[in-house]
Every structure is written in structure tokens, then in C-alpha cells.
Amino acid sequence: MSPPEAKLWNLLRARPEGLKFRHQHPAGPYTLDFYCAAVRLGIEVDGISHDMGDNPARDERRTAWLLKQGIRIIRFAAQDAMRDPEAVVTAICQAAAAHPPHRKMGRGATRRVVEG
């Protein structure tokens, strides 16, 4: 675990806002730095190498694939996680709050769409 990830993990594993996070969560051919299953939110901590060579294009392809799987991705610079990890966790919680948790429907339940 990189130092920026370790700083965030120390805060995320305390379940801020009641959210449970996983570290190094597998998602298809990828591994997310952190993941909150309740709101299908992946968190990536990017060092400067993500700005070099073909890495930006690779990150875009990865994000597009994850979005197709219903996983939203938010990215933070590693230096921000080192400098102010509490602010990063606040931003993560705000992103999670913007999308309510998934609720599984029981057997025999139907979805009703109301159009106005």
C-alpha cells in the first residue's frame, strides 16, 4: 500500500458517514484502490505516473469500462491525499451522498415507474 493510500485507508476503514470501504477491490480485469459497494463508488489515488505516456488514455478506458459495469470512479492526486487526507475523505463522502445506496428488491417485487 502506498503512503497516500495508507493515509486514506486509516480514515476510510473507520466507516465515515456509515459507509463501508474495501481496499484493493477486484473489478473485472482491474483492481480499485478503494470501493464502496453500497453506492458502487470506486476511488483511485493517482501518483504522477498517471500523467505520463499512455497512462491517461489507459485510465480513461478503465473508467469507461467500470462505468459500463455501474461503478462510478472518482480520482484524487496522491499529493492531495498526503497533504489533506481528511478533505479527500470529505469529498468521497459527498460523492457517495450524491447517489443513494442500492436497495435490492425482494422476490416477486415489481418496479413501478411514475412519469409526470
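What you see is a predicted model, and the numbers here were worked out from it, not measured in a lab.

Observations regarding the packing of aromatic side chains
Part 1 of the argument: Enumeration over the complete set of coordinates arrives at two aromatic pairs.
Part 2 of the argument: Their ring planes at 65 degrees and their centres at 5.5 Å tell us that tyrosine 30 and tryptophan 65 sit as a pair that is edge-to-face. Here tyrosine 30 is found in strand E2 (residues 30-36), whereas its partner tryptophan 65 is found in helix H2 (residues 55-68), with 35 residues between them in sequence.

Things to note about helix H1 (residues 3-12)
Part 1 of the argument: What H1 keeps buried is the set Pro4, Glu5, Leu8, Trp9 and Leu12. Projected down its long axis, H1 shows its buried positions confined to an angular sector of 130 degrees, all on one face.

Remarks on the confidence of the model for the protein chain
Part 1 of the argument: Model confidence for the protein chain is summarised by a mean pLDDT of 82, while 78% of its residues fall at 70 or above.
Part 2 of the argument: This stretch, residues 104-116, has a pLDDT under 50; its non-local contacts, to residues over four places away or in other chains, come to two contacts.

Remarks on the environment of arginine 13
Part 1 of the argument: Checked against the element boundaries, arginine 13 lands in the loop between H1 and strand E1 (22-27).
Part 2 of the argument: Looking at arginine 13, the relative accessible area reads 52%, which means it is exposed.
Part 3 of the argument: Separated by 10 residues in the primary sequence, arginine 13 and histidine 23 have C-alpha atoms spaced 8.8 Å apart.

Here's the deal with the nonpolar core
Part 1 of the argument: In this structure, Leu8, Leu12, Phe21, Leu41, Ile43 and Ile92 are the most contacted members of the largest nonpolar core, which totals 21 residues.
Part 2 of the argument: Of all the elements in the fold, those that place two or more residues in this core are H1, E2, strand E3 (41-46), strand E4 (72-77), helix H3 (78-83) and helix H4 (85-97).
Part 3 of the argument: Here this core gets six residues from one element, more than from any other, and that element is H4.
Part 4 of the argument: Discounting residues that sit within four places of it in the chain, leucine 41 has contacts with Phe34, Tyr35, Cys36, Arg72, Ile74, Ile92, Ala95 and Ala96.
Part 5 of the argument: In this structure, Ala27, Leu66, Ile71 and Ile73 belong to the second largest nonpolar core, which totals six residues.

So, how was this worked out
- Residues numbered from 1 in each chain as written.
- Predicted model: local features only at pLDDT ≥ 70, side-chain atom pairs only at ≥ 80, totals over all residues.
- Heavy atoms only, no water.
- Phe/Tyr/Trp six-rings, centres within 6.5 Å; stacked < 30°, edge-to-face > 60°.
- Helix = DSSP H or I, 4+ residues; strand = E, 2+ residues; numbered from the N terminus.
- Buried < 20%, exposed > 50% of the residue type's maximum accessible area, 1.4 Å probe, protein only.
- Arc of directions from axis to C-beta.
- pLDDT = per-residue confidence, 0-100.
- Contact = heavy atoms within 4.5 Å.
- Core = buried A, V, L, I, M, F, W, Y, C linked by side-chain atoms within 4.5 Å.

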